[in-house]
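Below are the chains, spelled out letter by letter.
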Amino acid sequence: MGKRVWVPAVSGPLAPYAAGFASWLRSRSYSPSASADRLCQFDQLSRWLEREGLGADELTGEQAERFIAARRAAGRVTWVSPQSVTLPLGYLRELGVAPVPAPALAHGPLEELLADYRRYLLIERGLSDHTVLDAYGPAARLFLAGREGPHGLGLERLCAADVSSFLARECPKRSVSGARDLVCALRSLLRYLHLAGLIEAPLVWAVPSVADLRDRTLPRGLEPAAIKKLLASCDRRRLVGRRDYAILLLLSRLGLRAGEVAAIGLDDIDWRAGLLLVRGKGSRQDALPLPVDVGEALVSYLRRRPRCECRALFLRVTAPRRELNRSTIGWVVRAACDRAALPRVGAHRLRHTAATEMLRAGASLPEIGQVLRHSEQKTTAIYAKVDRKALRALARPWPSQGGVA
């Protein structure tokens, strides 16, 4: 039995839902004091509804904004931001008491096309919500913006010159990686437009590759001493230290991507078989062996992990308890770099580290590709350049000054 949460007396139209709101807060690991504060806000919101002659079923987003405005006008300094009513409003909407706002409908040819394109990427291509919403969708909108007219988007007049002028205008504004992402997203959009019959000729060929020197350099992994410093920087006497230590091990030992670490659920670990289910790109799922040290770190974290309804493995350490996202995983790595007095790196550098360490230990490229779950061998082939001993045997000796060039 958990600690009982003190429930202040709530009057007004929301009174029947106060006890349920208290339990809802407890299930999200809010402390007793934080729950009491939120219940006081719940009471104030209920009393305001009563004064306005409104019922719980009339608590729309607009009415919640009026409640906030009334508190500001009265000189109150707490619960006066638009975000402050998100919690009680979300609870009442979950119950079906407060009306849920209708989703915004796509209006106009551009919005309808973008909605169809997003469905195509999510359902047929199997891309993640993050990739579609944060990368491919904005790039498609940027390319198609300004084409909307009284007779549609004029895609029948789209030609290679339009593609070239768009890239010539947008690529100089971005870094090499940003330009490469834009080019990749544009190829996807043009491929979709052709498949959907919206353009007659496939214009993917009109999108050039971005000049990049990545393949002329060695993949940059961290040295073993740097990894030891990152792991040692985690204070495993605390919950957050145990969590971050397990995350860093998954990144550096198994070479998981940040999004893959964030997607791990409690049901994805088969403790008897010693396997971890990894949900990767394109809805791909792979079972990887769970190393002993990684398993011990996960057990250490799970012994302190708060109990809540969320089934994600890694949670926020403060309420509301919810899963981490890929961006937060990246911040875990950067925070560890700061604590260890190392230059900041991204989570993907630890993936490179896992590959280079496997290569140094004698693993073959196909074996590394299996662990990293590469879909193509050429992706794994970049790590062949890290094996300097094997490359040294292939290198031609430098001619001496007296020799013939």
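This text follows the structure it describes.
Conventions and cut-offs
- Residues numbered from 1 in each chain as written.
- Predicted model: local features only at pLDDT ≥ 70, side-chain atom pairs only at ≥ 80, totals over all residues.
- Heavy atoms only, no water.
- Helix = DSSP H or I, 4+ residues; strand = E, 2+ residues; numbered from the N terminus.
- Buried < 20%, exposed > 50% of the residue type's maximum accessible area, 1.4 Å probe, protein only.
- Areas by Shrake-Rupley, 256 points an atom, 1.4 Å probe, with all protein chains shown as cover.
- Pairing = 2+ DSSP bridges.
- Axes fitted to C-alpha atoms, helices over the stretch in contact; angles between N-to-C directions.
- Parallel < 35°, antiparallel > 145°, perpendicular 65-115°, else oblique.
- Contact = heavy atoms within 4.5 Å.
- Nonpolar A, V, L, I, M, F, W, Y, C, P; charged D, E, K, R; others polar.
- Salt bridge = Lys/Arg side-chain N within 4 Å of Asp/Glu carboxyl O.
- Lys, Arg positive; Asp, Glu negative; His and termini not counted.
- Polar contact = N/O pair within 3.5 Å; in protein donor to acceptor, adjacent residues only side chain to side chain.

Asker: So what's going on with the overall build of the protein? Which residues, and what values?
Answerer: Within the protein, the regular secondary structure consists of 17 helices and three strands. Scored against the burial criterion, the 405 residues of the protein give a buried share of 41%. A total of about 23500 Å² of accessible surface is found on the protein, and carbon and sulfur atoms cover 54% of it.

Asker: Which residues make up the sheet that holds strand β2 (residues 275–279), and what values do they have?
Answerer: Spatial strand order, β1-β2-β3: three strands in an open sheet with antiparallel pairing. Every other strand in the sheet has two partners, leaving β1 (269–270) and β3 (285–289) as the edge strands with one partner each. For β2 and β3, the ladder comprises five bridges, and the chain directions are antiparallel. Paired with Arg 279 across the strands is Gln 285, a residue of β3.

Asker: Can you explain the packing of helix α6 (residues 129–144) against helix α8 (residues 176–195)? Please cite residues and give values.
Answerer: Contact pair α6 / α8: the axes reach a minimum separation of 9 Å and the direction vectors enclose 75 degrees. Classified by the interaxial angle, the pair formed by α6 and α8 is roughly perpendicular. On α8, the residues that touch Ala 135, Tyr 136, Ala 139, Ala 140, Phe 143 and Leu 144 of α6 are Leu 182, Cys 184, Ala 185, Leu 186, Ser 188, Leu 189 and Leu 190. The class makeup of the residues in the contact of α6 with α8 is 12 nonpolar, one polar and no charged.

Asker: Give a description of helix α1 (residues 18–27) that names residues and reports values.
Answerer: Buried within α1 we find Ala 18, Phe 21, Ala 22, Trp 24, Leu 25 and Ser 27. Buried residues along α1 sit against α2 (32–52) and α4 (86–95). In the stretch just after α1, Ser 29 is the one whose phi turns positive, near 65 degrees.

Asker: So what's going on with the environment of Val 332? Residues and values would help.
Answerer: Residue position: Val 332 is located in helix α13 (residues 326–339). C-alpha of Val 332 to C-alpha of Asp 244: the two residues are 88 residues apart in sequence and 6.4 Å apart in space.

Asker: Outline the pattern of salt bridges, listing residues and values.
Answerer: What the rule picks out here adds up to 18 salt bridges. Between Asp 286 and Arg 284 there is a salt bridge; the shortest N-O distance is 2.7 Å. Classification of Arg 284 as partly exposed rests on a relative accessible area of 32%. In this structure, Asp 338 engages Arg 344 in a salt bridge whose closest nitrogen and oxygen atoms are separated by 2.7 Å. One network of salt bridges, with partners in common, ties together Arg 169, Glu 170, Lys 173 and Arg 174.

Asker: So what's going on with the environment of Val 97? Residues and values would help.
Answerer: Within the element layout of this structure, Val 97 appears in the loop between α4 and α5 (108–124). Along the primary structure Val 97 and Leu 14 are separated by 83 residues, whereas in three dimensions their C-alpha atoms are 9.6 Å apart. Not counting residues up to four positions away in its chain, the partners in contact with Val 97 are Tyr 17, Ala 56, Asp 57 and Leu 92.

Asker: Could you give an account of the side chain of Arg 305, with specific residues and numbers?
Answerer: Along the polypeptide, Arg 305 turns up in the loop between α12 (292–302) and α13. One buried charged residue, Arg 305, remains without a salt bridge, the closest side chain of opposite sign being Glu 323 at 8.4 Å. A polar contact of 2.9 Å, which involves the side chain of Arg 305, links it to the backbone oxygen of Cys 310. From its side chain, Arg 305 meets the backbone oxygen of Leu 313 in a polar contact 3.1 Å long. Ignoring any residue separated from it by four or fewer positions in sequence, one finds Arg 305 in contact with Leu 239, Leu 266, Cys 310, Arg 311, Ala 312, Leu 313 and Leu 315.

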